[in-house]
Amino acid sequence: LVLALIAALGSLLAVQAVTLWRLNDRAQERQRILDETRQALLAQTLQSVTLSGAVAVGLADPAIKDLARGLDVPPEVVQLHFAQLRMRLPVLSVHVMDRDGRSMAQDDSERVSPGRLQAFLPYFRQAMLGRPSVFAALEAGTHARNLFYVAPVRSGESVDSPVLGVVVLKTDAAALDAVLNRNDLTTLLLDPHGVAFSSTRPDWRYAMTAPLTQQRIDAVRQSGLFGGHFENGVASSLPFAEDSVEVRVDGARHVVDRRALNWNDPEGAREPVALDNVSVLMTWRARWWGASVSSTLL
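So, here's what we can say about the structure.

Thresholds, definitions, all that
- Residues numbered from 1 in each chain as written.
- Predicted model: local features only at pLDDT ≥ 70, side-chain atom pairs only at ≥ 80, totals over all residues.
- Heavy atoms only, no water.
- Core = buried A, V, L, I, M, F, W, Y, C linked by side-chain atoms within 4.5 Å.
- Buried < 20%, exposed > 50% of the residue type's maximum accessible area, 1.4 Å probe, protein only.
- Contact = heavy atoms within 4.5 Å.
- Helix = DSSP H or I, 4+ residues; strand = E, 2+ residues; numbered from the N terminus.
- Pairing = 2+ DSSP bridges.
- Arc of directions from axis to C-beta.

Here we look at the nonpolar core
Piece 1. Counting 58 residues, the largest nonpolar core has Val167 and Leu169 as the members making the most contacts within it.
Piece 2. Residue contacts for leucine 169: discarding those within four places in its chain leaves Thr50, Ala54, Leu85, Leu89, Val91, Ser93, Val94, Leu147, Phe148 and Tyr149.
Piece 3. Of all hydrophobic cores here, the second largest spans 12 residues; its members include Ala196, Leu238, Val247 and Val273.

A word on the pairing of strand E6 (residues 186-190)
Piece 1. Burial of E6 is extensive: four of the five residues sit out of reach of the surface.
Piece 2. Relative to strand E12 (residues 271-277), E6 runs antiparallel, the two sharing five bridges. Among the inter-strand pairings, leucine 188 is bridged to a residue of E12, identified as valine 273.
Piece 3. Here E6 pairs with strand E7 (residues 196-199) via three bridges, running antiparallel. What sits directly across from leucine 190, in E7, is alanine 196.
Piece 4. Here E6 folds back onto E7, and the loop between the two strands holds five residues, one of which, glycine 194, carries a positive phi near 85°.

Looking at helix H7 (residues 214-223)
Piece 1. Those residues of H7 that fall on the buried side of the exposure criterion are Arg216, Ile217, Val220 and Ser223. When H7 is viewed along its axis, its buried side chains cluster within an angular range of 125° and face the same direction. Away from the buried face of H7 by more than 90 degrees, exposed residues Gln215 and Gln222 are located.

Spatial relationships are all this shows, so hold off on functional conclusions.
Here you go:
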């Protein structure tokens, strides 16, 4: 009886030791993937050639400086400058505002709605203080998902020159999806409000971390960053909370890991979040096999 009890206890401990070893090994791999994902997202946003180009345009382009001053610039000159900028940088459109937040010029194909100007405001104010930033937004009407690179337009070619206005470059947000899909983890990019702007699971896109409150939903709606998606005052919930470490998704155990991602966003940091299905690391069949071998040896 004693030998049987020792064999049973030893087999349980052996299975537990193997499980912990595999979990630790997987945690290191998950951390590596998340660190690489965070760095790749920075390379597409805050450290990108597009944001550097927006800063350079605000320092050197005379037509955009004149627009920011409120001067009359012939439309054909404006569109020529915008076209040249689109040739140099991977942008969809260009938008210029003066120091009072008035829209001075945009591409011919663009129609700036009050909703978009509302979404621009926090980033406009930050750019007027001399700080460039990046934000993601859902266009009202078209529901296109875009990235916006915001930079100050300065009176001179020095970074210490007074700020005249703001230039905004728009690109497609599909680059974010491409970064998240590089690995085999369920990965999301949460905005500062806890909304999944991008996700490897399309059905989780625009869902919010738990718990859902009307106050949080209203804050997202008022931000104007998601077009009319939250206009009805309701939202779908993600299967985890902001501080979740482990959750069950579709009946399987998942470990939740996250990183902070700074885009100089006045609303706060974003988070790439990974959900790792660790139930497959040690299935019940593997557990029974390991327990049987260790029990027999003992």
